[in-house]
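Secondary and tertiary structure notes
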Amino acid sequence: MLGFLNVHKPVGCTSRDVVNTIQRILKPLKVGHAGTLDPLASGVLVVAVGSATRIIDLVQQQPKVYEATFRFGVFSPTDDLEGELEENAGPIPPRDRVIETLPRFIGEIQQVPPAFSAIKVAGKRAFDLARQGREVNLQPRPVTIYSLELMDYTASEVRLRMRCSAGTYVRSLGRDLAEALGTKAVMTSLARTEIGGFTLDNARPWNDFKVVDREELESWLLDPFTALPAVRVVELTAADCRQLLLGRGVGSVDGDVAMQERALGKSPWGPAFALLKPVRGEWRIDKAFAEMVQRLEQSSTTEADALPASPSSQAPPSQVVDSQPDDASCLTERETKLIASERRRLASELHDGLVQEVMGAKLLLEATLARLDPSSTYESLTDEELFKRLKKVDHWLDHASLEARELVRHLDSHVGTATEAKQKLEQLADRWRNEHHAMTWDWRVEAWPSDAEAAWDLYRVVQEATRNAIEHGQATRLSVLLRNGDPATQLIGEIVDNGRGFDPSSVDPLRHGLVGMRRRIARHGGDLSVVSSPGSGTTINLRLPLK
């Protein structure tokens, strides 16, 4: 089950309340929303179900239409009715001046978000700092107002309809309009009437979802093609789908397709199979939909072969080569069992070595402590002898650490294919974006190892670096770029954040996972370097040979 629901959220409930209501019906499916509406606001709330949560960003990027009411002559620190109101905070501008001023806010403008917003400042939400009475300095950011019209002006309240880009704060627009008119204003009501192709006229009231069953709710789902009519569609065959899952390209990209433009791949059965991106003139998977991947895997070979093949997936007889891909998903049952047996043997050896190293260090340390005991009858150790013993303990523990890491690697390395590692990273990225929506994200995975072990190690490096940026670095911006280097047999990676950063020469790097990240990359013949300093954030550069 995958698709979108158009929900009419009423005033008084949160966006999370709506998601929770739907999630209780569809458990254990994943459910998420595209763009928060505050409790004060009502209107269109787009809810994604199943793998559609992976393309929430496509919905969020669509233009939005709002209808908002502002009251002139009133001030509130929150720019709406939630804060303490200060009446008579400015004059009431005449209608004609309001109409004359509106065109100044059409087009691309610089907008400062409200102090009471979810944007992070030094790792903390702006509204938390504002509630503590601390000064919040947010930088202006570009937003686009496509249209702005006066709907009504009665007494001191003006009602506006605006069509704007993602990231626009309607409260801030009212605040800035009032300042341009030499007064103050607060937002008293807000309704979102459109997001892309989702309109209020076609939205279902939230109360309907409180009494619906799973089967009926599924009939309300809009497929991605209906929900995102502006997104390009690429027809796929079963053979194309298999090629895509192996990390290969299919079809040919038209010359008018921008490098950053993405498309929906349509499966042989009709539903969307994956989100595609152009790479060197071909379409490749950007995000796969698990439901359709399972459908492909469950289909028989006969059924799949009976489907018509696209010209892009057919090669002339003279060009046909061994089509067995270098991927763990194509191993025979016997080969899979042999690999599992070898893993168990290696894990057993590593475990034995680990125990020996730790026990050796423990016994030597106990003997050393006994010699240092003032009541001991043993001859005391000289400083030189003590130093040698401690160096040996350090040496054994260092080896034990390596054995332990190697053991963990063998236990968790062959947990899937290289493609599955990439898909899991994309799923994590989607989750992080949803959970930390105030952070600015720039994720581009243009190259990926075909070797399963290298792919899973790279996945864990990016995971660790991202977690550090979010949890420890207090970053508000994160850029992850993985691409082909020069030569093309190398993957070049760059992970940049603007967080708190750290000085590697003065801070224990183990706290930031640097040792583990370096070892993961080094075991495949690559290297990892870090440039970091307090206040400027951290940049991780990595190089990984592509097999």
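Scroll up to find the structure.
What you are looking at is a predicted structure, and each value in this text was computed from that prediction instead of being measured.

Time to look at the overall build of the chain. Scanning the chain from terminus to terminus reveals 16 helices and 21 strands. Burial analysis of the chain (547 residues in total) assigns 46% to the buried set. Sequence separation of 24 or more characterises 71% of the internal contacts of the chain that already satisfy a separation of 6 or more. A total of about 27700 Å² of accessible surface is found on the chain, and carbon and sulfur atoms cover 50% of it.

On to helix 9 (residues 238-245). Helical periodicity: at 3.6 residues per turn, an α-helix aligns residues three or four positions apart in one direction. Every buried residue of helix 9 is listed here: Ala238, Asp240, Cys241, Leu244 and Leu245. On an axial view of helix 9, the arc spanned by its buried residues comes to 155 degrees, and they lie on one face.

Bringing the sheet that holds strand 17 (residues 440-445) into the picture now. In space, the five strands of this open sheet follow the order 17-18-19-21-20, with mixed pairing throughout. The sheet is open, and its two borders are formed by strand 17 and strand 20 (527-533), each paired with just one other strand. In this sheet, neighbouring strand axes are inclined to one another by 10 degrees on average, regardless of whether the strands run parallel or antiparallel. Note: strand 20 against strand 21 (residues 537-545), seven bridges, orientation antiparallel. Residue pairing across strands places Ser532 opposite Thr538, the latter belonging to strand 21.

The subject of this paragraph is a nonpolar patch on the surface. Among the surface-exposed residues, Leu365, Leu369, Leu372 and Leu390 lie close enough to one another that they form a single nonpolar patch of about 350 Å² accessible area. No other element matches the three residues that helix 12 (residues 333-372) contributes to the nonpolar patch. Take Leu365: it is sitting in helix 12.

Summed over the entire model, instances satisfying the criterion amount to 20 salt bridges. The salt bridge involving Glu446 is made with Arg444; its shortest N-O contact spans 4.0 Å. A relative accessible area of 40% places Glu446 in the partly exposed class. Where salt bridges share partners, they join Arg54, Glu426, Asp430 and Arg433 into one cluster.

It is worth spelling out the side chain of His33 at this point. The topology assignment puts His33 in strand 2 (residues 31-34). Residue His33 is classed as buried on the basis of its relative accessible area of 18%. For His33, the contacting residues outside a window of four places in its chain are Ser15, Val19, Leu45, Val46, Val47, Ile56 and Gln60.

As a further point, take a negative patch on the surface. A cluster of acidic side chains, namely Asp213, Glu215, Glu216 and Glu218, defines a negative patch on the protein surface. Glu215 gets classed as exposed once you look at its relative accessible area, which sits at 66%.

Before going further, it helps to examine the pairing of strand 1 (residues 3-9). Counting buried positions along strand 1 gives six out of seven residues, so the element sits mostly inside the fold. Sheet topology places strand 1 next to strand 3 (residues 41-49); seven bridges connect them, and they run antiparallel. Bridged to His8 within strand 3 is Val44. Here strand 1 runs beside strand 12 (residues 204-205); their pairing, made up of two bridges, is parallel. In the strand pairing of strand 12, Val7 is matched with Arg204.

Moving on to helix 14 (residues 418-435). Taking 1.5 Å of rise per residue, 18 residues should cover 26 Å, and helix 14 covers 26 Å from first to last C-alpha, within 8% of that figure. Within helix 14, the full set of buried residues consists of Ala418, Thr419, Ala421, Lys422, Gln423, Leu425, Glu426, Leu428, Ala429, Asp430 and Trp432.

Before going further, it helps to spend a moment on the sheet that holds strand 13 (residues 232-235). One key point about sheets: their strands pair by backbone hydrogen bonds, in either a parallel or an antiparallel sense. Across the sheet, which stays open at both edges, the four strands sit in the order 13-14-15-16 with mixed pairing between neighbours. Each of the sheet's edge strands pairs with one partner strand only, and the pair in question is strand 13 and strand 16 (282-288). Strand-to-strand twist across the sheet, computed as the mean angle between neighbouring axes with direction ignored, equals 45 degrees. Where strand 13 and strand 14 (residues 263-266) come together, four bridges link them in parallel fashion. Residue pairing for strand 14: Val233 is matched across the bridge by Leu264. Where helix 9 meets the sheet, its contacts fall on strand 13, strand 15 (272-279) and strand 16, and the angle it forms with strand 16 comes to roughly 70 degrees.

All right, on to the nonpolar core then. Ranked by size, the top nonpolar core spans 36 residues in total, and within it Trp443, Trp448, Leu458, Val462, Leu478, Leu491 and Leu528 carry the most contacts. Broken down by element, this core gets its largest block of residues, nine residues, from helix 15 (residues 452-472). Ignoring anything within four residues of it in the chain, the contact list for Leu458 reads Trp448, Pro449, Leu482, Leu491, Ile521, Leu542 and Leu544.

Definitions and limits used
- Residues numbered from 1 in each chain as written.
- Predicted model: local features only at pLDDT ≥ 70, side-chain atom pairs only at ≥ 80, totals over all residues.
- Heavy atoms only, no water.
- Helix = DSSP H or I, 4+ residues; strand = E, 2+ residues; numbered from the N terminus.
- Buried < 20%, exposed > 50% of the residue type's maximum accessible area, 1.4 Å probe, protein only.
- Contact = heavy atoms within 4.5 Å.
- Areas by Shrake-Rupley, 256 points an atom, 1.4 Å probe, with all protein chains shown as cover.
- Arc of directions from axis to C-beta.
- Pairing = 2+ DSSP bridges.
- Axes fitted to C-alpha atoms, helices over the stretch in contact; angles between N-to-C directions.
- Patch = residues over 30% accessible without salt bridge, like charges linked within 9 Å, V, L, I, M, F, W, Y side chains within 5 Å.
- Salt bridge = Lys/Arg side-chain N within 4 Å of Asp/Glu carboxyl O.
- Lys, Arg positive; Asp, Glu negative; His and termini not counted.
- Charge placed at Lys NZ, Arg CZ, Asp CG, Glu CD.
- Expected span 1.5 Å × (residues − 1).
- Core = buried A, V, L, I, M, F, W, Y, C linked by side-chain atoms within 4.5 Å.

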